[in-house]
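Spelled out, the chains give:
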Amino acid sequence: MKDEAKLKRTAKKTATYLLLGFVGLFMLLPFLWMLSTSVKPADDVFASSDSPVKALVPREVHLQNYGKVYEATQVMGGGFARWYVNSVIVAVVVTLGQVMTSACAAYAFARLKFPGRDKLFLGYLGTMMIPGAVTMIPNFILMRKITQWLATAAPLVNWDAARVVSLFGRTYEIGPLVGLDSYFALIVPAMFSAYGTFMLRQFFMSIPRDLEEAATIDGCGLFRIFATIILPLSKPALATLTIFTFMGNWQSFYWPLIMVTQDSMKTLPLGLLSFMGLYSTQWDLLMAGSLMMILPMIIVFIIGQKWFVSGIQLGALKG
Amino acid sequence: MPNLLGFLAFTLIPVLASLGLSFFAWDLFTPPKFMGLHNFAALLKDHEFWYYAFNTLFLMLGIPVNILGSLLLAIVMNQKLRGIVVFRTIYFMPSIVAGVGTYLLWRWLYNPDYGLINTIITNWFPGWLNNWIRNLVGEWPPTWLTSITWAKPALMFMTFWTVVGGYNMILYLAALQGVSPELYEAADIDGASARQKFWAITWPLVSPTTFFILTMSLIGGLQGGFEQAFVMTRGGPAGATTTISYYIYNQAFAWNHMGYAAAMAWALFAAVFGVTLVNWRLGGRIVHY
């Protein structure tokens, strides 16, 4: 009897593993195909449709494809390297900005008492339901017209001119100060997040008030309490939000798409898309580029997995 | 409070501005012209708009399948097994990297002549199966993204791959871990089958999670479909993959019809709002807390 039960358990376990493995293969297969295409010699890309095995296992490994992505795009406003730098700048600054502004606002909503606080918070939540396009249209118009308006308001500054910086003996175009094709347009409108405010508020609410009361008696001001008590206690929530925001912004597409026209100001997703426009059949290079784009996300995800899982549950707890 | 100022400047004011804008016609070059409710009336008569609304709803038909898939996957994962974290990581990967990179990847997977999917279908599917499907649906293996019939299913299948092991599965896992094992033990003693246990215990107890996921998926689905269509099909063939959000993009940022686009964005908002309200109403009755 005991053996039979054990056998049954083993059979069930094996079946589970088989099922899990099958699903895993389904999830991984596209990535394997991406990897294999990205290292194939150009001639092989279109020469393997007679066998899936041949399609998935490259005959030779051409790592130089990755270098070629860099070279082939260089004429496009600095190319892949420049897009990578742009993506890093935008994602990092937006993430830092979102986490900082969200933390401040969340603290206010969680602890400060001011008239209309709860109504305002409801308003915040309500905006999460509004389609992006609703706010994007006026924001686009603002960014498009802002240089004209500023030129009337402050005519001493040349708002339209594209700026240039010199670094290590080379010059780089960094676009105008504000308006289309500027870092300002890519970064600032994306820096305020209702979601982050909501998530951190939920977390701050769960911190017991005793500590703060003790600190108040010791004569601590609000900002000191915030900086020395609340923030250190919230490290897990802050880490989660940081990872979430970074992931969300690394591949952000819609807003940069309407903000940027020049190649040199593109972020990676936009750059890859215009690369595809020029090299539409060079799938080896396109896959190499795509892989380089998603690699940081995979790394960040694997390192930050713990926070990721807890963050998803934190964000959904409102029910 | 810088967040509040930013929120006002880039969210609240734009929301009001686009509401105002929806009563005007404006191409950004000539001064805006007041049109009253004309934009909304035009929307009702715009055949393209209704076709794209149909497309959007059609693509949303995948939502129940995705949700069910996530739940089943979570049930299988909800066991004490070695290496389960590795599987979770792999399943989660597609939803993490979803974006232009994976859209390009799927565009290549769906390539009619050299893509992996058709390579597998022609070489590994048995001949009788391919013939049978061909008799049934006509075009097989299909040209996927360039076929009016297959472009939408292709996108839905890609979405399934993207989301099935992602956030929703993690939410279900958390919900399942909250279900007391005693309930299952009691059911075992009563001799309940696996199916009975699922419908009598698991399904009702995870219903708040299902409700949350469904609500979010509907909201997302109504607003979705722009990025993938922009990267993979440009909304084609013949508009078959253009969704409302893509149409808004075209009206606003390709054709400079700011007022009309704003009106459409507000109509979309109304739809999202309506769905959410109905959901909350019904949810109170169906969900077991």
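Residues numbered from 1 in each chain as written. Chains lettered and ligands numbered in written order. Predicted model: local features only at pLDDT ≥ 70, side-chain atom pairs only at ≥ 80, totals over all residues.

Attention now goes to the overall build of chain A. Of regular secondary structure, chain A possesses 14 helices and two strands. Relative to the 2.2 N^0.38 estimate, which gives 20 Å for 319 residues, the radius of gyration of chain A is 25 Å and therefore markedly larger than a compact globule would have. In chain A, which comprises 319 residues, the share counted as buried stands at 37%. (Helix = DSSP H or I, 4+ residues; strand = E, 2+ residues; numbered from the N terminus. Rg over C-alpha atoms; globule rule 2.2 N^0.38 Å. Buried ≥ 20, exposed ≤ 12 C-beta atoms within 10 Å, placed from the backbone.)

Let us look at the overall build of chain B. Broken down by element type, chain B carries 16 helices and two strands. Buried residues in chain B amount to 42% of all 289 residues. Put simply, of all contacts in chain B between residues at least 6 apart along the chain, 68% involve residues at least 24 apart. (Contact = placed C-beta atoms within 7 Å.)

Our focus in this paragraph is the nonpolar core. Among the nonpolar cores identified, the biggest contains 147 residues, and I137 of chain A together with L104, I248, A261, M264 and A265 of chain B are the most heavily contacted of them. Of the residues that make up this core, three or more belong to each of domain 1 (1-62) and domain 2 (65-316) of chain A. L104 of chain B has contacts with L272, M276, L286 and S290 of chain A together with V231 of chain B, leaving out every residue within four places of it along the chain. (Core = buried A, V, L, I, M, F, W, Y, C linked by C-beta atoms within 7 Å. Domains from an automatic or database assignment.)

Take the pairing of strand 2 (residues 170-175) of chain A next. With five bridges connecting them, strand 1 (residues 163-167) of chain A and strand 2 of chain A associate as antiparallel partners. From the neighbouring strand, V164 of chain A faces strand 2 of chain A, where its bridge partner is E173 of chain A. (Pairing = 2+ DSSP bridges.)

What follows is about the interface of chain B and chain A. At the junction of the two partners, chain B supplies 66 residues and chain A supplies 65 residues. Element by element, the count of residues in the side of chain B that touches chain A is highest for helix 1 (residues 2-21) of chain B, at 12 residues.

Moving on: the domain arrangement of chain A. Residue and element names in this part refer to chain A. Along its sequence, chain A is carved into domain 1 (1-62) and domain 2 (65-316). On a C-alpha basis, the centroid separation for the pair domain 1 and domain 2 is 36 Å. Listed per partner, the contact involves nine residues of domain 1 and seven residues of domain 2. Counted by class, the side of domain 1 that touches domain 2 contains five nonpolar, three polar and one charged residues. (Nonpolar A, V, L, I, M, F, W, Y, C, P; charged D, E, K, R; others polar.)

You can see F157 of chain B is positioned in helix 9 (residues 151-163). The spacing of F157 of chain B and W128 of chain B is 29 residues in sequence and 24 Å in space, taken between C-alpha atoms.

Okay, unusual backbone geometry next. Residues and elements named next belong to chain B. Geometrically, the link from W140 to P141 is a cis peptide bond, its omega value of -10° lying close to zero. On the secondary structure map, P141 appears in the loop between helix 8 (127-137) and helix 9. Following G236, the chain continues into P237 via a peptide bond in cis, with omega recorded as -5°. In this structure, P237 sits in the loop between helix 14 (226-232) and helix 15 (244-254).

Here we take up helix 15 of chain B. All names here are of chain B. The buried count for helix 15 comes to eight of 11 residues, which makes it a mostly enclosed element. Among all positions in helix 15, only I244, S245, Y246, Y247, I248, Y249, Q251 and A252 are buried. Trailing helix 15 by a residue or two, N256 shows a phi angle of about 55°, which is positive.

As a further point, take the packing of helix 8 (residues 194-205) of chain A against helix 11 (residues 235-250) of chain A. Residue and element names in this part refer to chain A. Two elements in contact, helix 8 and helix 11, have axes whose closest approach is 10 Å; the angle formed by their N-to-C orientations is 165°. Judged on the interaxial angle alone, helix 11 and helix 8 are roughly antiparallel. Our pair here, helix 8 against helix 11, has a crossing hand that is right-handed. Residues G196, M199, L200 and F203 of helix 8 form the contact with helix 11, whose own contacting residues are A237, L241 and T245. Class assignment for the residues of the contact of helix 8 with helix 11 results in five nonpolar, two polar and no charged. (Axes fitted to C-alpha atoms, helices over the stretch in contact; angles between N-to-C directions. Parallel < 35°, antiparallel > 145°, perpendicular 65-115°, else oblique. Left-handed = near helix turned anticlockwise from the far one by under 90°.)

For the rest of this paragraph, the subject is the pairing of strand 1 of chain A. With zero of five residues buried, strand 1 of chain A lies mostly on the surface of the structure. With antiparallel pairing between neighbouring strands as the criterion, strand 1 of chain A and strand 2 of chain A make up a hairpin whose turn holds two residues, including F168 of chain A at a positive phi of roughly 50°.

Residues and elements named next belong to chain B. Residues at a pLDDT of 70 or more form 97% of chain B, whose mean pLDDT is 88. Ranking the elements of chain B by mean pLDDT puts helix 1 last, at 76, and helix 9 first, at 95. Prediction confidence for the complex, expressed as pTM and ipTM, is 0.89 and 0.89 respectively. (pLDDT = per-residue confidence, 0-100.)

All names here are of chain B. Look at helix 4 (residues 62-77) against helix 9: their axes get within 10 Å of each other, and the N-to-C directions meet at 30°. In terms of orientation, helix 4 lies roughly parallel with respect to helix 9. In this structure, helix 4 crosses over helix 9, and the sense of that crossing is right-handed. Residues G62, V65, N66 and G69 of helix 4 pack against M156, T159, F160 and V163 of helix 9. Considering only residue class, the contact of helix 4 with helix 9 consists of four nonpolar, four polar and no charged.

With that out of the way, let us pick up the environment of T127 of chain A. Residue and element names in this part refer to chain A. Mapped onto the elements of the fold, T127 is located in helix 5 (residues 117-127). T127 sits in the partly exposed class, given 16 other C-beta atoms within 10 Å. Residues T127 and Y195 lie 68 residues apart in sequence; the distance between their C-alpha atoms is 9.4 Å.

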